[in-house]
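# Inside the fold
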Amino acid sequence: MSQLQSSVGFLFATLLATTPVAAADSDHSEHHHHHHHHEHIDYSKEFAAAQPAQNILVEQCWIRLMPANVPSAGYFSLTNNQKEPIELLAARTNNFELTMLHLTYEEEGMAKMKETAGITIDAGQRLNFEPGGYHVMFEEPTTMPKVGEEMDLELLFDEAQKITTTCRVNSAKARSYDDE
Ligand SMILES: [Cu+2]
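Okay, so let's go over this structure. (Residues numbered from 1 in each chain as written. Predicted model: local features only at pLDDT ≥ 70, side-chain atom pairs only at ≥ 80, totals over all residues. Heavy atoms only, no water.)

What follows concerns the nonpolar core. Burial of nonpolar side chains together is a common tendency in soluble globular proteins. Phe76, Leu78, Leu88, Phe129, Leu153, Leu155 and Phe157 are the most contacted members of the largest nonpolar core, which totals 33 residues. It is strand S2 (residues 56–64) that provides the largest number of residues to this core, a total of 5 residues. Tyr43, Phe47, Ala90 and Leu156 belong to the second-largest nonpolar core, a separate cluster that totals 6 residues. (Core = buried A, V, L, I, M, F, W, Y, C linked by side-chain atoms within 4.5 Å. Buried < 20%, exposed > 50% of the residue type's maximum accessible area, 1.4 Å probe, protein only. Helix = DSSP H or I, 4+ residues; strand = E, 2+ residues; numbered from the N terminus.)

As enumerated under the stated definition, the model contains 5 salt bridges in all. Residues Lys112 and Glu107 are paired through a salt bridge, measuring 2.7 Å at the closest nitrogen-oxygen approach. Accessibility expressed as a relative area gives 36% for Glu107, which makes it partly exposed. Here Arg168 ties to Asp178 by a salt bridge, and the two come within 3.9 Å at their closest N and O atoms. Of this pair, Arg168 sits in strand S11 (residues 161–170) while Asp178 sits in the segment after S11, and the two are 10 residues apart along the sequence. Among the residues examined, Arg168 registers a relative accessible area of 25% and is labelled partly exposed. Taken together, the salt bridges that share partners define one network made up of Arg92, Glu154 and Lys162. (Salt bridge = Lys/Arg side-chain N within 4 Å of Asp/Glu carboxyl O.)

Listed as protein donors to the copper ion are His102 (ND1), His135 (NE2) and Met137 (SD); their distances from the metal cover 2.2 to 2.5 Å. Each donor residue of the copper ion belongs to the same chain, and together they define the spacing H-x32-H-x1-M. Of the two residues, His102 is situated in strand S5 (residues 96–107) and Met137 in strand S9 (residues 134–141); the sequence distance between them amounts to 35 residues. For the pair His102 and Met137, a shared accessibility class is recorded, and that class is buried. (Donors = N, O, S within 2.8 Å, 3.2 Å for Na, K, Ca; no water.)

Here the focus is the state of the cysteines. The final tally for this structure, using the stated rule, is 1 disulfide. Residue Cys61 pairs covalently with Cys167 via a disulfide, S to S 2.1 Å. Measuring the twist about the S-S bond at about 75°, one finds the Cys61-Cys167 disulfide to be right-handed. Of this pair, Cys61 sits in strand S2 while Cys167 is found in strand S11, placing the two residues 106 residues apart along the sequence. Classification of Cys61 by relative accessible area gives buried; the value is 1%. (Disulfide = S-S within 2.5 Å.)

Before going further, it helps to examine unusual backbone geometry. Its identity is not glycine, yet Asn55 carries a phi of approximately 65°, on the positive side. Along the chain, Asn55 turns up in the loop between strand S1 (51–52) and S2. In this structure Asn55 comes out as partly exposed when scored by relative accessible area, which is 49%. Even without glycine at this site, Gln60 takes up a positive phi of about 50°. On the secondary structure map, Gln60 appears in strand S2.

Set out below in structure tokens:
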């Protein structure tokens, strides 16, 4: 049993969702399995019922792919060209069992993580998901993507709207869409 595996039970038992990680630079390499999985809401019915969104743009989606036993992260830019605020509720992919909306933030010089229930983007605004901020977190791979391939990602919004986008799969050392 690796040190990571043996520490998981301890982490689950003792840590809250906002767990300090070692380096502000990195969202995910130190970001082991310390989420509150039981708080995760199942949106599969809402995904199935949702219709394609109009006037919401998802651009430059990329995945920072980590080894299978470590969470991977997804980033993109989201533009709300609708006349009302929109709320991003959830994300899903066929490649990972567990997909969460996550926010990295800094507190007392430490980078921390938390799961966010919904992310509002005002009319006419763009929100960039990027290292050190909002990201989609992927765990429990069912089909592990490969660097250089593409991975589909579905985003669910309020008002029963959804978007499917295609993400570039980049390596663990990537820090941007163009940084393979
Ligand atoms: Cu995260």
